[in-house]
Amino acid sequence: LGVGAFSAVHKAMNTTSGRNLAIKSVDVEKHKDDQVFIRRLRREVNIHRGLDHPNIIKLVKVFEMPGKLNIVLEVSDGGEIFKL
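A brief report on the enclosed structure follows. If you're wondering where the values come from, they're calculated on a predicted model, not measured in any experiment.

**Notes on the sheet that holds strand β3 (residues 20–27)**
Read from one edge of the open sheet, five strands run β1-β2-β3-β5-β4, paired in antiparallel fashion. Each edge of the open sheet carries a strand with a single partner, namely β1 (2–3) and β4 (59–65). For strand β2 (residues 7–13) and β3, the ladder comprises seven bridges, and the chain directions are antiparallel. Note on β3: the bridge partner recorded for Ser7 is Val26. Relative to β4, helix α1 (residues 35–49) is tilted by about 150°, and along the sheet it contacts β3, β4 and β5 (68–74).

Structure below.
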């Protein structure tokens, strides 16, 4: 779906429910020595976990793999916010 300075976003599907999802994969290995980056990333995830509003994409799950933090999100089919 897209690539940014800190992560890549991939489209995925839950094979049980058929629900379309997005997985934001953050390369924490690239930033492992930047404790400020890691602390801010974890804070962002913790804040997002607590949000529940119809206009905010929902965080579904977070899981870690060696060198990566994967954030599973709802998919927004409305396009990029900058193009609205």
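Further notes follow.
**Side note on the pattern of salt bridges**
Pairs may arise between side chains of opposite charge once their charged atoms sit close together. Under the criterion given, the structure shown has five salt bridges. In this structure, Lys32 engages Glu29 in a salt bridge whose closest nitrogen and oxygen atoms are separated by 3.0 Å. Its salt-bridge partner being Lys58, residue Asp52 comes within 3.4 Å of it at the nearest N-O pair.

Reading the values: the criteria
- Residues numbered from 1 in each chain as written.
- Predicted model: local features only at pLDDT ≥ 70, side-chain atom pairs only at ≥ 80, totals over all residues.
- Heavy atoms only, no water.
- Pairing = 2+ DSSP bridges.
- Helix = DSSP H or I, 4+ residues; strand = E, 2+ residues; numbered from the N terminus.
- Contact = heavy atoms within 4.5 Å.
- Axes fitted to C-alpha atoms, helices over the stretch in contact; angles between N-to-C directions.
- Salt bridge = Lys/Arg side-chain N within 4 Å of Asp/Glu carboxyl O.

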